[in-house]
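Reading the structure
Listed here are the chains, written in short residue letters.
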2 protein chains.
Amino acid sequence: MAKQTKILLDESEMPTSWYNIVPDLPEPPPPALHPGTHEPAGPEDFAPLFPMDLILQEVSMDQYIEIPEEVQDVYKLWRPSPLFRAHRLEKMLDTPAHIYYKYEGVSPAGSHKPNTSVPQAFYNKKAGVNRLTTETGAGQWGTALAFACSLFDMECEVWQVRASYDQKPYRKAMIETFGATVHPSPSDLTESGRAVLAANPDSPGSLGIAISEAVEMAAPHEDVRYALGSVLNHVLMHQTIIGEEALLQLAKVGETPDVIVGCTGGGSNFAGLSFPFLREKMAGRMNPTIRAVEPAACPTLTRGTYAYDFGDTAGLTPLMKMHTLGHDFVPDPIHAGGLRYHGMSPLISHIYELGLIEAISIPQTECFAAGVTFARNEGIVPAPEPTHALAAAVREANKAKETGEETVILTALCGHGHLDMAAYAQYLTGDIVDHDYPEEKVQDALSRLPQVG
Amino acid sequence: MAKQTKILLDESEMPTSWYNIVPDLPEPPPPALHPGTHEPAGPEDFAPLFPMDLILQEVSMDQYIEIPEEVQDVYKLWRPSPLFRAHRLEKMLDTPAHIYYKYEGVSPAGSHKPNTSVPQAFYNKKAGVNRLTTETGAGQWGTALAFACSLFDMECEVWQVRASYDQKPYRKAMIETFGATVHPSPSDLTESGRAVLAANPDSPGSLGIAISEAVEMAAPHEDVRYALGSVLNHVLMHQTIIGEEALLQLAKVGETPDVIVGCTGGGSNFAGLSFPFLREKMAGRMNPTIRAVEPAACPTLTRGTYAYDFGDTAGLTPLMKMHTLGHDFVPDPIHAGGLRYHGMSPLISHIYELGLIEAISIPQTECFAAGVTFARNEGIVPAPEPTHALAAAVREANKAKETGEETVILTALCGHGHLDMAAYAQYLTGDIVDHDYPEEKVQDALSRLPQVG
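Residues numbered from 1 in each chain as written. Chains lettered and ligands numbered in written order. Predicted model: local features only at pLDDT ≥ 70, side-chain atom pairs only at ≥ 80, totals over all residues. Heavy atoms only, no water.

Some thoughts on the overall build of chain A
Counting secondary structure elements, chain A contains 18 helices and 15 strands. Taken over C-alpha atoms, the radius of gyration comes to 20 Å for chain A, in line with the 22 Å a tight globule of 453 residues would show. Viewed in the frame of its principal axes, chain A has a C-alpha envelope of about 60 × 50 × 45 Å. Taking all 453 residues of chain A together, 66% fall into the buried category. Sequence-distant contacts in chain A: of pairs separated by 6 or more residues, those separated by 24 or more amount to 77%. Looking at charge distribution, chain A has the averaged site of its 32 positive side-chain charges lying 6 Å from that of its 57 negative ones. (Helix = DSSP H or I, 4+ residues; strand = E, 2+ residues; numbered from the N terminus. Rg over C-alpha atoms; globule rule 2.2 N^0.38 Å. Buried < 20%, exposed > 50% of the residue type's maximum accessible area, 1.4 Å probe, protein only. Contact = heavy atoms within 4.5 Å. Lys, Arg positive; Asp, Glu negative; His and termini not counted. Charge placed at Lys NZ, Arg CZ, Asp CG, Glu CD.)

This is how it looks when you write it as structure tokens:
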């Protein structure tokens, strides 16, 4: 019998609920704090930014939340997404390991991001909001929110990190094709942006700065709200449909994962794949090692401090207890723009502190090498972000070769690299270097952590 | 019950044969002629360019040819491809029509082209060929052949039409990521290229010129062969898996098409979708109108002459009876680079002459408008080529709105536009114009048609 390459689910098999891991954890995560009073933040503190449905999801203790039918309908434009067995990569690596990748690049925006942009646009529209502001790093999130807003007939305004805006004009074009407006960040449209530009007119920008700008433009207006593409509990929860589908798909071929690896920037792709498996692990139904993979130039989990910090550079957001390199730390301009975030999702940081997951960091040239190997065997050119996960999968496959074990490796290929080809061109001509861990810059940024309690 | 958006097939349902329409036609197509003697060309005339397995497919009178297992295995990296019902587009157009699109952008190269690049690489490798040369216009074909060669461990050398090479650096990067080499065409590496450059150092190139260069570099070498991405019978036949799948998929939802529209450059995407349906039509099992859609700036079927002409500019190929604008006609640099070919597949030309299919031409601004509307409703940003088919589908949907009929429209969305975003950026800023039909240039080129019999 022919080997199966893709494990598919019908639309009728698509999960109809998101999974909220919080009630299943042995300890609840520390609360967010009001940036002024340092008291635990209540729903009203988030109300200038988010509609109440999303705020309630953010603090929910329900294990499952039903996906609205309107959102399910949109998901069906690309979901359930395929799970692939990487037969050709396995053969090339000459490994006994079974490598599976869940491919989210089939979405209209080309990544996992629409899994949350669609419900976020939906709940905002339902609350009477007509315009969303946001930031984008690599451009995936901006594209995803622009796509979602076009479906729900909303305006969308995107602050794109300057370095990315300059490197990736096609991203801007794609966001505009979906009808949204794009500004480079820092911009002179906001106080936060103007302050950064005054200090450094050539600032390459950062996700933290872009968040400040988008938040500043949303908060004062009743019918404008802000949307975040990662980090927060509700965003991670929307992504769990990835892992729920992968569970069903692996069951179809009778496999359970020994190792799950995913790349982490803010953490939503990693959480989306791994949280449903972590539920199974906590319930004793399987026992995978779950490992976050971050870039060596921005290693929040492996090198950052676990402390209360702002989610943005200007200090406009509530304080969140998380692994951080300092809210005004600006990572080197590595090509995985989606992983250039100073912090890590508070929920993932908490789970990491509980010892339920592991983390490693990998330099970008090893990641690009894995990406090219993957493309030449599996056909898909991965975005720079998931090449980090692929590099970790290759390490595991090589380890399995040494031990002779049929390790079952599961990873998320969270997006394609069609709009990142300039980075591949640079890699192929040898013009990409590894960045050292910026110890001094991080220590400097950490010296400005807010003093809490 | 929820509306079904995607109609999927399992890998086990993937067709295992290609369909060869030639034996089913009421008259056989005219033979290709030797460029020197003007006698019907035999297999030996094609041998310097193609391996014997492909030459035999080119002249085969078998109705079906089995897809080799090795090729089926590779197809499963993305096939069967999804068939979508465009519910959101229908709603936006307020039409009673049912619009279905078969999406080939899920392939690694992002278009239908790997359906033939994979078997072409396979049969060449089997014949001991280690290196393939080819041309590419939009870049889709070059990417597809580079991908196929990477899987079969072959070298690949691509001549990319200069206008496309300059407009689309990401295409070059993607081809290189798959391990191939890219030259702008005209290049100074070939006699054909040097001749064009001598006459016009700033030549934007054309598919015809690039074919001349690739053919020139392959023919003299025993272990180097040439691969063509469209036009020829065997190429069209490899694409019929698109239509065979679509037949199965429409049957699953109990629909038969009233109208099939597909874009035509060399004709392979159009043939791939429509030939299996034309078989059903000729057998009296259904009665769809089948319509080719070409760009107004390069309307080979609707305005070209039906005559023997060369497939390339320098006159190195056998003579083929086809609709042509003249082998040295250089189309205006419209953005649908894949449709900028002076000729039309001889098989499609013959079928058009038999009255079995219709043809129309559409100017590019109407096509881009349809592409943006499609993206904002269905999520996928189409390549400029299939926006021609989408514009025709929109016309049919609007007609159905007038008549109130539930017309079932089927089209091929033969590729995504992720690497064509510069064209969308230009369209959105109003910098794209329609090109008039270049009557004088065509008449001039037609005056140099080879004189046959």
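Picking up after the structure, the text goes on.
Section: the interface of chain B and chain A
Counting from both sides, the interface comprises 48 residues of chain B and, opposite them, 48 residues of chain A. Here chain B and chain A share an interface that buries about 4000 Å² over both sides, 59% of which is from carbon and sulfur atoms. Where chain B packs against chain A, one counts 2 salt bridges. One salt bridge in this structure joins A:Lys6 and B:Glu11, with 3.3 Å as the shortest N-O distance. Elements represented by at least two residues in the side of chain B that touches chain A include exactly α3 (69–75), α6 (140–151), α8 (169–177), α15 (364–378) and α17 (421–428) of chain B. Looking at the side of chain B that touches chain A, the element that brings in the most residues is α8(B), giving 6 residues. Here the residues of the side of chain B that touches chain A sort into 26 nonpolar, 10 polar and 12 charged. (Buried area = accessible area lost by both parts, 1.4 Å probe. Salt bridge = Lys/Arg side-chain N within 4 Å of Asp/Glu carboxyl O. Nonpolar A, V, L, I, M, F, W, Y, C, P; charged D, E, K, R; others polar.)

Some remarks on the sheet that holds strand β15 (residues 408–413) of chain B
Residues and elements named next belong to chain B. The mixed open sheet is built from 7 strands, whose spatial order is β1-β4-β5-β15-β10-β11-β14. The two strands at the open ends of the sheet, each matched to only one other strand, are β1 (6–7) and β14 (358–362). Judged from the 5 bridges that link them, strand β11 (residues 289–295) and β14 form a sheet pairing that is parallel. Among the inter-strand pairings, Pro295 is bridged to a residue of β14, identified as Ile362. (Pairing = 2+ DSSP bridges.)

Details of the packing of aromatic side chains
Summed over all chains, the structure comprises 25 aromatic pairs over all chains. Here B:Phe50 and B:Tyr226 contribute two aromatic rings whose centre-to-centre distance is 6.0 Å and whose plane-to-plane angle is 50°, an arrangement assigned as tilted. Placement of the pair is B:Phe50 in the loop between α1 (43–46) and α2 (52–58) and B:Tyr226 in strand β9 (residues 224–226), with a sequence separation of 176 residues. B:Tyr226 carries the same exposure label as B:Phe50, and that label is buried. An aromatic cluster of three or more residues is present, and its members are A:Tyr75, A:Trp78, A:Phe147 and A:Phe178. One Lys or Arg, B:Arg279, reaches over the ring of B:Tyr19 and ends 4.6 Å from the middle of that ring. (Phe/Tyr/Trp six-rings, centres within 6.5 Å; stacked < 30°, edge-to-face > 60°. Lys NZ or Arg CZ within 6 Å of the ring centre and 35° of its normal.)

With respect to helix α14 (residues 346–353) of chain B
All names here are of chain B. Burial runs high along α14: 6 of the 8 residues are buried. Listing the buried residues of α14 in full gives Pro346, Leu347, Ile348, Ser349, His350 and Ile351. Taken together, the buried residues of α14 touch α11 (233–252), α12 (268–282), α13 (300–303), β12 (305–310) and β13 (319–324). Where α14 ends, the next residue or the one after it, Gly355, has phi of about 80°, a positive value.

Overview of the pairing of strand β7 (residues 155–161) of chain B
Residues and elements named next belong to chain B. Within β7, 6 of the 7 residues are buried, which leaves it mostly tucked inside the rest of the structure. Pairing of strand β6 (residues 131–136) with β7, which is carried by 6 bridges, proceeds in the parallel orientation. Across the sheet, the residue bridging to Thr136 is Gln160, located in β7. Taken together, β6, α6 and β7 constitute a β-α-β crossover, and its handedness is right-handed. Across 5 bridges, β7 lies against strand β8 (residues 181–185) in parallel orientation. (Right-handed = clockwise from strand over helix to strand, strands pointing away.)

Description of the packing of helix α15 (residues 364–378) of chain A against helix α16 (residues 384–403) of chain A
Residues and elements named next belong to chain A. Across the interface, α15 lies against α16 with an axial gap of 7 Å and an inter-helix angle of 85°. By the angle between their axes, α15 is roughly perpendicular relative to α16. Side by side, α15 and α16 meet where Glu366, Cys367, Phe368, Ala370, Gly371 and Phe374 of the first sit next to Pro384, Thr387, His388, Leu390, Ala391, Val394 and Arg395 of the second. Within the contact of α15 with α16, the residues separate by chemical class into 8 nonpolar, 3 polar and 2 charged. (Axes fitted to C-alpha atoms, helices over the stretch in contact; angles between N-to-C directions. Parallel < 35°, antiparallel > 145°, perpendicular 65-115°, else oblique.)

As for the relation of the copies chain B and chain A
Mapping chain B onto chain A calls for a rotation angle of 180° and an axial translation of 0.0 Å; the resulting RMSD is 0.0 Å. The superposition of one copy onto the other is thereby described by a two-fold rotation axis. No C-alpha of chain B lies nearer the rotation axis than that of B:His418, which sits 3.1 Å from it. When the interface residues of chain B are mapped onto chain A, 100% of them are again interface residues, pointing to one common binding face. (Least-squares fit on C-alpha atoms with pLDDT ≥ 70 in both.)

Examining a nonpolar patch on the surface
On the surface, a nonpolar cluster with roughly 270 Å² of combined accessible area is contributed by A:Met52, A:Leu56 and A:Val59. Along the chain, A:Met52 falls in helix α2 (residues 52–58). (Patch = residues over 30% accessible without salt bridge, like charges linked within 9 Å, V, L, I, M, F, W, Y side chains within 5 Å. Areas by Shrake-Rupley, 256 points an atom, 1.4 Å probe, with all protein chains shown as cover.)

Brief notes about the pattern of salt bridges
Summed over all chains, the structure comprises 49 salt bridges over all chains. A salt bridge links A:Glu244 to A:Arg279; the nearest nitrogen and oxygen atoms lie 2.7 Å apart. Residue A:Glu244 is found in helix α11 (residues 233–252), and its partner A:Arg279 is found in helix α12 (residues 268–282); the two are separated by 35 residues along the sequence. When sorted by exposure, A:Glu244 lands in the same class as A:Arg279, which is buried. Between B:Arg225 and B:Glu222 there is a salt bridge whose closest N-O contact spans 3.8 Å. The exposure class assigned to B:Arg225 is buried, which follows from its relative accessible area of 9%. Judged by its relative accessible area of 69%, B:Glu222 is exposed. Through salt bridges with shared partners, a single ionic network connects A:Arg79, A:Lys102, A:Glu104 and A:Glu245.

What about the sheet that holds β6(B)?
All names here are of chain B. On the basis of which strands lie adjacent, the open sheet formed by 4 strands has the order β8-β7-β6-β9 and parallel pairing. Each of the sheet's edge strands pairs with one partner strand only, and the pair in question is β8 and β9. For this sheet, the mean inter-axis angle between neighbouring strands, taken without regard to orientation, is 25°. Sheet topology places β6 next to β9; 3 bridges connect them, and they run parallel. By the bridge assignment for β9, Leu132 is matched with Arg225. Relative to the sheet, α6 contacts β6 and β7, its axis offset from that of β6 by approximately 165°.

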